[in-house]
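Tertiary structure, described
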Amino acid sequence: MEETFGNYSVIGKPMPRVDARAKVTGEAKYAADIELPGMLWGQITRSPYAHARILNIDTSKAERLPGVMAVTTGKDFGGFKWGWSRETRDEEPFATTKVRYQYEGVAAVAAISEDIAEEACDLIEVEYEPLPGVFDPFEAMKEGAPLVHENRPGNICVEYHWTFGDVDKAFAESYLVREDIFQTPRMAKGYLETPAVVAYWPGHDRLVFQGAKGSPYFPYRILARCFNLPLSNVRVIQPFIGSDFGGTKNDMTHCDFAAPMLAKKTGRPVKLVYTQFDTLTTDLRRHPMWITIKTGVTKDGILKATYVKAVADGGAYTRMSPLTMFLTGSCMTMPYKLPNFKYDAYNYFTNNPSSAAMRGHGLYHTRFGADVQLDMIAEELGLDPVDIRLRNAIENPEPGKVYETINEVHMATCGVKECIEKVAEAINWEERKKAKKVEGHKSYGIGFSAATYNGGTKLSAHNACAAIVRVCEDGSVNFLTGASDVGQGSDTIGCAIAAEVLGVGLEDIDIKRVDTAFTPVDPGSYGSRVTVLAGQAAKNAAEDAKRQLLEVAAQQFSVTPEEVEIKNRQVFVKANPQRNMSWERLVRIACYETPGKVIIGRGYSTQGISLLGLADFSKGVGDIGTNYSFTAQAAEVEVDMETGVVKCTDNSVIAHDCGFPLNPPAVETQVQGGGYHQGVAAALYEEFKMDQGQTLNPNLIDYMRPRAYEAPMTQVIHVITNDPYGPFGAKEASEGSCCSAPPAVINAIYNASGVWINDLPAQPEKVFWALKAQKEKKQRKK
Amino acid sequence: MKDELKELKLTVNGKPYELKVKAKTLLVELLRNELKLTGTKVGCLDSACGVCTVHIDGKAVRSCSILAVQANGRKVTTIEGVADGDKLHPIQEAMVEYGAIECGFCTPGMVMSAKALLDENPNPTRDEVREAIQGNLCADEGYVKYIEAIEIAAEKMRGGQ
């Protein structure tokens, strides 16, 4: 019943995740589940203003409240500032002189109970001088607009201008040129586990931090600098993580600074847990963007040139906006061949909560616009939407060759054509396009899209990662990685790679949560980098351990190590498998016979740094990924022509080229989940409603998340390309479908109803008015 | 008044308890903070996300929206009470085997909602499965494999009985 891929013992076939049992029984401990003896509760005082000068903070009343053990404000941090990169350190742990968004933290307390901590927060008296604010990029860019950061004129956070080829010439030569404006919404990341942390100091110069962070080595580095500690003394121990999706759980939140500071002051463990209200009002959001796309094509629909102008609301602080704007532009040259490309990007500071990375980071915005516009172009030219995609799709390079885009992005494999062909076939497009499906006032339509995403993302600072494989004397194995499983399944993948290389079973490999005191450093769980890069480290570490064992086996069999193999826990001479011994016996001999060995395999990831150089953000050239996944999607929607309610149907297919599916069901949930929770969510459901910096729908009732009843039972087709730069051929899985889902749904709405929804999400009211306008226009024509 | 203690007798996962709780204590707070049953999660405290789903007398309820004292005299089952010792319940087994679980934060609530459904309706239609977990938000896995795993478990449970 289940598909298997490749000729391997462990990988390429369904395997239960190594952490599934702990999760399904409730044993798995998340940050908020941790309780320590003597633990205090922390709470944060936040600003009611979106933009205000702080004139004074008086904590004396709070300090006098019985049960309050400590109070902290930004002043305790001695001017410490932090940011996504050295150049963008513009944020304090707590605002000291000015708040820049509503509910920005200004102080925190630790008390013996949650109730007292909350009461104490209310007793902190902050004197504010409210300031006029800017609440969208178009206000922010106006001359004389209030400045969010006094040292940042024009409120400009990021600006890029790139040109490749000659777009003006190409537009002049084009048969058809279209210009359209698209808009993507302000979105929550969608994790249900809110930020939470427990911190304590086992010694005056030693910090232990257990937080809901997807990338443990971010707080490791930032807290070391903040508290002036050597990295060796910062111990981040990962609990289980209830999803991440970029942003908040990579970066720091107020609670991540408050807990260590309050623990330092009190000498006791301090725990802080955000409410969903805190999360939905202050956590990082997906950037809202206003995207103008101008595209020129030949009469046959071949892309000649594209010009993109992207304007983004960056919110109060820089955070990851430089990377967002890079990704938004960089990958416009995929998955279709594009000979001329120009990009102007503007990201503005506003007095809204900060924007940052989110699953499908950057690419999602422009891929939505460009793939919807491609359908508009196809219609104008009388071309089939599948056909126009196939005509423009990048070909899969011949083995050993690399395709280079005009902005110097390189790929050794590209399965997009196969993906498009497979989804069209699976959804029965040739038959289906002949007749439009209408049932009463419900109209059904199908939309297509294609997308790409970078796997093994490499940034300029800290790319290196490693793994350790320790073979215990009884044959069981400890696998150590610094890469954090936030739900994507990477712990299972790491163990499976180690098991495959060593020739043992998945059940022989043990993995524990990341602990910076023991696990090797890793950049983090972002940019779909873990399987590709930490996976390569795992492979290298297991090979190192295996090499040590093969030497022992070779001695025993009186052959060379190259002549011995280990498979399915059997060690044998390749030429004569009768000469064999069990895995346990080999390990026992290696460990116990004089001179006894301790088998420790070490491996590093090298691709992140050395492959083809790093991307240059200012010029827009180079590789952000080690390799690139490709996705094509076909989605059917049901449009209620009377009410404007749109729903995806179960007629939904995604073909995904992840290179090689190491654990096929995990690739499927990643692709289905990315497509629905962060893709269809943007297309149909989710958007923060704002008023002067205030979030009007900060709860999960008014802020609509996609639920089971409307979930399309998406079929996932695996397209195998075996990428030479990924471990066992693997690329990324999940972020591609975040990018392919919105255009597929919007194209399907047009196919069903004849209306284009260019600004996401296509909530019922918006669709209703668009349908009404269309009806009136038709009547006027009559 | 808000700190006034109320007496409470209830059964949790088959164990009887006699406790004193503040009147304002939520059932989820009792379970997590007092009884240390942290398998039940807190997500929204608005009855919107379903990660705190438990059973009271066999019915799936949101423990964030019920006062602990309202469970007086009732039988409460949490995720910790679903498996039979080391043996997983068929719903748990199907979710593990079928690869339905990603980050796992919604999983305990999802299991409790699915179990309430299958205890009452051993042969649900797909729409009934979807409806049973409609109140359980998931953030990452797309619901497809959860739905299929619950159907597989239902089939197994019917066959086994």
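Residues numbered from 1 in each chain as written. Chains lettered and ligands numbered in written order. Predicted model: local features only at pLDDT ≥ 70, side-chain atom pairs only at ≥ 80, totals over all residues.

**With respect to the overall build of chain B**
Worth spelling out the cut-off: Per the convention used, a helix needs a DSSP run of H or I reaching at least four residues, while a strand needs a run of E reaching at least two, with both numbered from the N terminus. Buried, partly exposed and exposed are defined by the number of other C-beta atoms within 10 Å of a residue's own C-beta, namely 20 or more, between the two limits, and 12 or fewer respectively, with C-beta atoms placed from the backbone. Residue pairs are scored as contacts if the distance between their C-beta atoms, which are placed from the backbone, is within 7 Å.
Helix and strand content of chain B: five helices and five strands. The order of α-helices and β-strands along chain B, N terminus first, is β-β-α-β-β-β-α-α-α-α. With the C-alpha coordinates aligned to their principal axes, the bounding extent of chain B is approximately 50 × 30 × 25 Å. Each of the 161 residues in chain B was classed as buried or not, and the buried ones make up 56%. Residue pairs in contact within chain B that sit at least 24 positions apart in sequence constitute 59% of those at least 6 positions apart.

**Considerations on the overall build of chain A**
Test applied: As defined in this context, the radius of gyration uses C-alpha atoms, and a globule is described by 2.2 Å times the residue total to the power 0.38.
Broken down by element type, chain A carries 20 helices and 33 strands. In terms of overall dimensions, chain A is globule-like: its C-alpha atoms have a radius of gyration of 27 Å, near the 28 Å expected for 782 residues. With respect to the principal axes defined by its C-alpha atoms, chain A has extents near 95 × 75 × 50 Å. Put simply, of all contacts in chain A between residues at least 6 apart along the chain, 80% involve residues at least 24 apart.

**Description of the domain arrangement of chain A**
All names here are of chain A. For clarity, the cut-off: All domain edges in this entry derive from an automatic or database-based domain assignment. Only Asp, Glu, Lys and Arg are considered charged in this grouping, and only Ala, Val, Leu, Ile, Met, Phe, Trp, Tyr, Cys and Pro are considered nonpolar; every other residue, Gly among them, is considered polar.
If you check the domain split of chain A, you get domain 1 (20-27 + 459-610), domain 2 (34-131 + 194-242 + 249-282) and domain 3 (285-458 + 613-781). On a C-alpha basis, the centroid separation for the pair domain 2 and domain 3 is 37 Å. The interface of domain 2 with domain 3 comprises 16 residues on the first partner and 19 residues on the second. Considered class by class, the residues forming the side of domain 2 that touches domain 3 number five nonpolar, seven polar and four charged.

**Some points on helix 3 (residues 114-123) of chain A**
Residue and element names in this part refer to chain A. We count it as follows: Here, the arc refers to the directions that run from the helix axis to the C-beta atoms.
Restricting attention to buried positions, one finds in helix 3 the residues Ile 116, Ala 117, Ala 120 and Cys 121. Along the axis of helix 3, the buried positions cluster into a sector of 140 degrees, meaning they face one direction only. Summarising the contacts, the buried residues of helix 3 are in contact with strand 1 (40-46), helix 2 (60-64), strand 3 (68-73) and strand 5 (105-111).

**Describing the environment of Cys138(B)**
Residues and elements named next belong to chain B. By the secondary structure assignment, Cys 138 is in the loop between helix 4 (126-132) and helix 5 (144-160). The spacing of Cys 138 and Glu 120 is 18 residues in sequence and 23 Å in space, taken between C-alpha atoms. Apart from residues no more than four positions distant in its own chain, Cys 138 is found in contact with Cys 106, Tyr 143 and Tyr 146.

**What about the domain arrangement of chain B?**
Residue and element names in this part refer to chain B. According to the domain assignment, chain B consists of domain 1 (5-81) and domain 2 (90-160). Inter-centroid distance (C-alpha atoms) of domain 1 to domain 2 is 22 Å. Contacts between the two partners involve 14 residues from domain 1 and, on the opposite side, twelve residues from domain 2. For the side of domain 1 that touches domain 2, the secondary structure elements donating two or more residues are strand 3 (53-56) and strand 4 (59-62). Its residues placed into classes, the side of domain 1 that touches domain 2 shows six nonpolar, six polar and two charged.

**As for the pairing of strand 5 of chain A**
All names here are of chain A. The test is simple: Paired strands are those between which DSSP finds at least two bridges.
The buried fraction of strand 5 is high, at seven of seven residues. The pairing of strand 1 with strand 5 spans six bridges and is antiparallel. Looking at the pairing, Gln 43 lines up with Val 109 of strand 5. Where strand 3 lies against strand 5, five bridges are found, and the strand directions are antiparallel. When the bridges of strand 5 are listed, Thr 72 appears paired with Ala 108.

**What about the interface of chain A and chain B?**
Facing 46 residues of chain A, the contacting portion of chain B comprises 41 residues. Counting only elements with at least two residues in the side of chain A that touches chain B, the list comes to helix 1 (20-24) and helix 18 (664-685) of chain A.

**Details of the confidence of the model for chain B**
Stated precisely, the cut-off is as follows: A score between 0 and 100, pLDDT records how confident the predictor is in each residue.
Counting all residues, the mean pLDDT for chain B is 96, and 98% of those residues have values of 70 or more. Here the predicted complex carries an ipTM of 0.98, next to a pTM of 0.97.

**A closer look at the sheet that holds strand 5 of chain A**
All names here are of chain A. The condition is simple: Axis lines are fitted through C-alpha atoms, for helices just across the contact stretch, and the angle between N-to-C directions can take any value from 0 to 180 degrees.
Spatially, the seven strands line up as an open sheet ordered 3-5-1-12-9-10-11, and their pairing is mixed. Edge positions in the open sheet fall to strand 3 and strand 11 (234-236), since each of these has one partner strand only. In this sheet, neighbouring strand axes are inclined to one another by 25 degrees on average, regardless of whether the strands run parallel or antiparallel. Sheet topology note: the strand 9 (residues 196-203)/strand 12 (residues 270-273) ladder contains four bridges and is antiparallel. Note that in strand 12 the partner of Ala 196 across the bridge is Val 273. The sheet contacts of helix 3 involve strand 1, strand 3 and strand 5, and relative to strand 1 the element is tilted by about 25 degrees.

**A closer look at the sheet that holds strand 25 (residues 564-567) of chain A**
Residues and elements named next belong to chain A. If you walk across this open sheet you meet the three strands as 25-26-27, and the pairing is antiparallel. Among the strands making up the open sheet, the edge pair consists of strand 25 and strand 27 (576-582). Across the sheet, the mean angle separating the axes of adjacent strands is 30 degrees when strand polarity is ignored. Two strands pair when backbone bridges link them, and strand 26 (residues 570-573) and strand 27 are joined in this way by four bridges, in the antiparallel orientation. Paired with Gln 570 across the bridge in strand 27 is Ser 582. Where helix 16 (residues 583-592) meets the sheet, it contacts strand 25, strand 26 and strand 27, and its direction lies at approximately 65 degrees from that of strand 27.

**A short note on the packing of helix 10 (residues 363-381) of chain A against helix 19 (residues 735-753) of chain A**
Residue and element names in this part refer to chain A. Inclusion rule: For classification, angles of less than 35 degrees are called roughly parallel, those exceeding 145 degrees roughly antiparallel, those between 65 and 115 degrees roughly perpendicular, and all remaining angles oblique. It is the rotation of the near helix from the far one that decides the hand of a crossing: anticlockwise by less than a right angle makes it left-handed, clockwise makes it right-handed.
Running from amino to carboxyl end, helix 10 crosses helix 19 at an angle of 30 degrees, the nearest separation of the two axes being 8 Å. It follows from the interaxial angle that helix 10 and helix 19 lie roughly parallel. In this structure, helix 10 meets helix 19 at a crossing whose hand is right-handed. Together, Leu 363, Tyr 364, Arg 367, Phe 368, Asp 371, Val 372 and Asp 375 of helix 10 and Cys 738, Cys 739, Pro 742, Pro 743, Ile 746, Asn 747 and Tyr 750 of helix 19 make up the contact between the two elements.

**Digging into the pairing of strand 2 (residues 15-22) of chain B**
Residue and element names in this part refer to chain B. Direction of pairing for strand 1 (residues 5-12) relative to strand 2: antiparallel, over a ladder of eight bridges. Bridge assignment links Leu 10 to a residue of strand 2, and that residue is Tyr 17. Between strand 1 and strand 2, which pair antiparallel and follow one another directly, the connecting turn spans two residues, one of which, Asn 13, has a positive phi of 50 degrees.

**Quick word on the environment of Ala770(A)**
Residues and elements named next belong to chain A. Among the structural elements, Ala 770 can be located in helix 20 (residues 764-781). Owing to 19 C-beta atoms within 10 Å, Ala 770 belongs among the partly exposed residues under this scheme. The sequence separation of Ala 770 and Asp 640 amounts to 130 residues, and the corresponding C-alpha distance is 12 Å. When sequence neighbours within four positions are dropped, the list of residues in contact with Ala 770 reads Val 755 and Ile 757.

**Side note on the nonpolar core**
What counts, and what does not: What makes a nonpolar core is a set of buried Ala, Val, Leu, Ile, Met, Phe, Trp, Tyr and Cys residues, with links drawn between C-beta atoms within 7 Å.
The biggest cluster of nonpolar side chains holds 306 residues, and the ones touching the most others in it are Val109(A), Ala498(A), Val745(A) and Ile749(A). Ranked by residues supplied to this core, first place goes to helix 15 (residues 530-557) of chain A with 13 residues.

**Considering the packing of helix 14 (residues 490-502) of chain A against helix 15 of chain A**
Residues and elements named next belong to chain A. Relative to each other, helix 14 and helix 15 sit at 30 degrees, their axes nearing to 8 Å. Judged on the interaxial angle alone, helix 15 and helix 14 are roughly parallel. As for how helix 14 packs across helix 15, the hand of that crossing is right-handed. Residues Ser 490, Ile 493, Gly 494, Ile 497, Ala 498, Val 501 and Leu 502 of helix 14 touch helix 15, and the partners they reach there are Val 530, Thr 531, Ala 534, Gly 535, Ala 538, Lys 539, Ala 542, Glu 543, Ala 545 and Lys 546.

**Quick word on the environment of Glu765(A)**
By secondary structure assignment, the location of Glu765(A) is in helix 20. Spatially, the C-alpha atoms of Glu765(A) and Gly440(A) are 20 Å apart, while their sequence positions differ by 325 residues.

**Side note on helix 14 of chain A**
All names here are of chain A. We count it as follows: What a helix should span is 1.5 Å times the count of its residues minus one.
In a regular helix each residue adds 1.5 Å, so 13 residues correspond to 18 Å; helix 14 covers 18 Å between its end C-alpha atoms and thus fits that length. The buried fraction of helix 14 is high, at 13 of 13 residues. Just downstream of helix 14, Gly 503 is the residue with a positive phi angle, here 85 degrees.

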